[in-house]
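Coordinate analysis (summary)
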Amino acid sequence: MKKENNWNLPNLKLAQMRTKDKVKVEKTFAIPENMMNIGAGRKFYLRTYGCQANERDGESIAGILEQLEFTQVQTPQEADLIIFNTCAVRKNAEDKVIGELGHLKKLKLINPDLMFALCGCMAQEEDVVDLIIKKHRHIDLIFGTHNIHRLPELLYNAMMNKERTIEVFSKEGDVIENLPVKRFGTHKAWVNIMYGCDKFCTYCIVPYTRGKERSRELEDIMQEIHVLIAEGFKEITLLGQNVNAYGKDLGLENGFADLMESVAKCDIPRIRFTTSHPYDFTKEMVDVIAKYDNIMPFMHLPVQSGDSDMLKIMGRRYSVEQYKELFDYINEKIKNCSFSTDIIVGFPNESKEQFQRTLDLVDYCKFDNAFTFIYSPREGTPAAKMEDNVPFEEKQERLQRLMAKTNVHASAKNLAWQGKVVKVLVDGMSKKNKEIYSGYTEQNKLVNFTATDVKVGDIVEVKINEAKTWTLDGEKI
Ligand code: 5AD
Ligand code: SF4
């Protein structure tokens, strides 16, 4: 049986600790001499689940692996190293990962040197790591969200000593600067502005898996952005679990508003940001977004529920009235702003009336897009201990009713663009038809359009001829 080296196992109790200690900023990443070429002649396959923070982590993981001389491939069958960069927000996504890892296990029969690694938020969960230790012995390496910079050492140990290697730090977290990065996009890039979350919404595992809210220094963010601009990137998305809290931990008063203003003054055509938390979204921030044409008029503003009592139990720190007030202020200040949201149905004991108030809020806001979920209990969170009297069938039915409503509004919102001219950042062209392109409008609407002589990364004007529920069809003018 393979030897085991549990350098550190996850611990959810430790992970929820928050102290006033100053965050350590680490700028010394370097690959040790003896590990430089451990990937030479080897191929890796990386699959990322979940949010954009994970996508951006995937780019660092790929950057490190390429420095170790691994080559990235697009199918698990070709790989010597398969990495699953996972999400822990909902149980069904976790079950899929475990199922898929089991399914791919047989590839070890064809390639006995094949290694499996699991990282991301699932690696931070005690019960997941416990399950893998006991039941999935083919997983060779587990590393957590705070351990990405340790990948060379961990991989080296797993490969050279043929030891199953597990290292997951359950701590508040540091800020690690200058990790290598392999950007997966050619004209759109993610930029982390802060890590972690201190909100502890009662249903959410993220504050445990990603540690405390910690902002990057403004100079480090701007330096990354200047490099991206020099490399020709056209769109930058500022990333954080709660971007509106940017700089609070650094003692900044107007952190996110000032940061957006600094970025907006750079020569970058499109700036986006995600995710916003209504509690920390100030009027100053809205005013900055309204002031600059290169900050896109699009908000992902999760509401979670349309009932104030439910929001309180969820730990969201705002009432429905406060949400509406912010929503109205944004709508008034930012011309043609589009909105998306996240909504959870079937939270423990959600009553019919409370659910109805969520439907009413959806009618009030008429979101362009809504990500709707059935509540999923997450071990270690306060909500997971709440008794629940809502049958699962009822939750499913509520989800269906909610989706039917959000789709009606999405269609109506898209229909309003019919006949209008929009600016589209070109993402690519159809493989089948060389005259069909796709890209997103400033309001984050996906457009398929006909054009000739257009390049990926161009911003072009498109006349919308037909609106569908989720896409717009048009022609370049
Ligand atoms: N169950 C269902 N949905 C959840 N989300 C977060 N935690 C849970 C959970 N335990 C949803 C929230 C959040 C989005 C990223 O995922 O709506 O905004
Ligand atoms: Fe989770 Fe709430 Fe933090 Fe969002 S703000 S990551 S929902 S705890």
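Values in this document were obtained by computation on a predicted structure and should not be read as measured data.

1. Re the overall build of the protein
Regarding its fold elements, the protein presents 14 helices and 22 strands. Over its C-alpha trace the protein gives a radius of gyration of 23 Å, about what one expects of a compact globule, namely 23 Å for 477 residues. Along the first, second and third principal axes, the C-alpha set of the protein runs to 65 × 60 × 45 Å. Summed over its atoms, the accessible surface of the protein is roughly 21,400 Å², and 50% of this surface lies on carbon and sulfur atoms.

2. Some remarks on the site of ligand 1
Every residue close to ligand 1 is listed here: V89, R90, Y203, Q304, D342, I344, F373, I374, Y375, S376 and R378. At 2.9 Å, a side-chain N or O of R90 approaches an oxygen atom of ligand 1. Contact with the protein chains removes 86% of the 410 Å² of surface that ligand 1 exposes when unbound. Among the secondary structure elements, those contributing two or more residues to the shell around ligand 1 are strand 16 (338-345) and strand 17 (369-374).

3. Description of the packing of aromatic side chains
Taken as a whole and judged by the stated rule, the model has ten aromatic pairs. Centre to centre, the rings of Y318 and Y323 are 6.0 Å apart; their planes meet at 35°, and the pair counts as tilted. Classification of Y323 by relative accessible area gives buried; the value is 0%. Here the aromatic cluster, defined as three or more aromatic residues joined through ring pairs, consists of Y318, Y323, F327, F339 and F367.

4. A closer look at the site of ligand 2
Taken together, C197, K199, F200, C201, Y203, C204, V206, P207, H277 and R316 make up the full set of residues near ligand 2. Looking at the shell around ligand 2 residue by residue, the classes come out as seven nonpolar, one polar and two charged.

5. Points about the pattern of salt bridges
Two side chains bearing opposite charge may form a pair once their charged atoms approach each other closely. A full pass over the atoms with the stated rule returns 36 salt bridges. Salt-bridge contacts for D198 lead to R18; the nearest nitrogen and oxygen are separated by 2.7 Å. Pair noted here: D198 is in the loop between strand 11 (194-195) and helix 7 (206-209) and R18 is in the loop between helix 1 (12-15) and strand 2 (25-26), with a separation of 180 residues, a long-range link. Classification of D198 as partly exposed rests on a relative accessible area of 27%. The class for R18 is partly exposed, based on a relative accessible area of 25%.

6. Remarks on the nonpolar core
Residues L238, F256, F273, F281, M299 and I330 are the most contacted members of the largest nonpolar core, which totals 67 residues. With near-sequence residues (within four places) excluded, F281 lies in contact with N244, F273, S276, V286, I289, M299, L301, L326 and I330. Of all hydrophobic cores here, the second largest spans 29 residues; its members include Y45, A88, L107 and I142.

7. Details of the pairing of strand 18 (residues 421-429)
Of the strand pairs in this sheet, strand 18 and strand 21 (residues 459-467) are connected by five bridges, and their pairing is antiparallel. Pairing of V422 across the sheet is with V462, part of strand 21. The sheet contact formed by strand 18 and strand 19 (residues 436-441) spans five bridges and is antiparallel. Across the sheet, the residue bridging to L425 is Y440, located in strand 19. Hairpin connection of strand 18 to strand 19: six residues between the antiparallel strands.

8. Description of helix 13 (residues 352-365)
Compared with the 20 Å implied by 1.5 Å per residue over 14 residues, the 20 Å span of helix 13 between its first and last C-alpha is a close match. Residues of helix 13 that are buried include every one of Q354, F355, T358, L359, L361, V362 and C365, and no others. Buried residues of helix 13, viewed axially, fall in a sector of 155°; they line one side. With respect to the buried face of helix 13, the exposed residues turned more than 90 degrees away are K352 and E353. Elements that come into contact with the buried residues of helix 13 comprise helix 11 (308-314), helix 12 (320-333), strand 16 and helix 14 (392-415). Directly after helix 13, the chain includes K366, whose backbone phi takes a positive value near 50°.

9. As for the environment of K413
Mapped onto the secondary structure, K413 falls in helix 14. The partly exposed category is assigned to K413, whose relative accessible area is 24%. Sequence separation between K413 and D267 is 146 residues; the distance between their C-alpha atoms is 31 Å. Setting aside residues no more than four positions away along its own chain, K413 makes contact with C365, K366, F367, D368 and K445. Engagement of the side chain of K413 in a polar contact is seen with the backbone oxygen of K366, the distance being 3.0 Å.

10. Considerations on the domain arrangement of the protein
Along its sequence, the protein is carved into domain 1 (12-167), domain 2 (175-415) and domain 3 (421-476). The centre of domain 1, based on its C-alpha atoms, is set 36 Å off from the matching centre of domain 3.

11. Here's the deal with the state of the cysteines
Taken as a whole and assessed by the stated rule, the structure comprises zero disulfides. Just so you know, C121 is unpaired, no disulfide at all, and the nearest cysteine sulfur is the one on C87, 6.4 Å from it.

12. Thoughts on the side chain of Q443
Its location among the elements puts Q443 in the loop between strand 19 and strand 20 (446-450). Each residue touching Q443, except ones within four places of it in the same chain, is listed here: P297, F298, N336, S338 and W417.

13. Here we look at the sheet that holds strand 14 (residues 270-274)
The strand order across the open sheet formed by three strands is 10-13-14, and the pairing between neighbours is parallel. Edge positions in the sheet fall to strand 10 (188-192) and strand 14, since each has one partner strand and no second. On average, adjacent strands in this sheet sit at an angle of 25° to one another, irrespective of strand direction. Sheet contacts for helix 2 (residues 52-67): strand 10, strand 13 (235-239) and strand 14; angle to strand 10, the most-contacted strand, approximately 100°.

Parameters at a glance
- Residues numbered from 1 in each chain as written.
- Chains lettered and ligands numbered in written order.
- Predicted model: local features only at pLDDT ≥ 70, side-chain atom pairs only at ≥ 80, totals over all residues.
- Heavy atoms only, no water.
- Helix = DSSP H or I, 4+ residues; strand = E, 2+ residues; numbered from the N terminus.
- Rg over C-alpha atoms; globule rule 2.2 N^0.38 Å.
- Areas by Shrake-Rupley, 256 points an atom, 1.4 Å probe, with all protein chains shown as cover.
- Near = heavy atom within 4 Å.
- Polar contact = N/O pair within 3.5 Å; in protein donor to acceptor, adjacent residues only side chain to side chain.
- Phe/Tyr/Trp six-rings, centres within 6.5 Å; stacked < 30°, edge-to-face > 60°.
- Buried < 20%, exposed > 50% of the residue type's maximum accessible area, 1.4 Å probe, protein only.
- Nonpolar A, V, L, I, M, F, W, Y, C, P; charged D, E, K, R; others polar.
- Salt bridge = Lys/Arg side-chain N within 4 Å of Asp/Glu carboxyl O.
- Core = buried A, V, L, I, M, F, W, Y, C linked by side-chain atoms within 4.5 Å.
- Contact = heavy atoms within 4.5 Å.
- Pairing = 2+ DSSP bridges.
- Expected span 1.5 Å × (residues − 1).
- Arc of directions from axis to C-beta.
- Domains from an automatic or database assignment.
- Disulfide = S-S within 2.5 Å.
- Axes fitted to C-alpha atoms, helices over the stretch in contact; angles between N-to-C directions.

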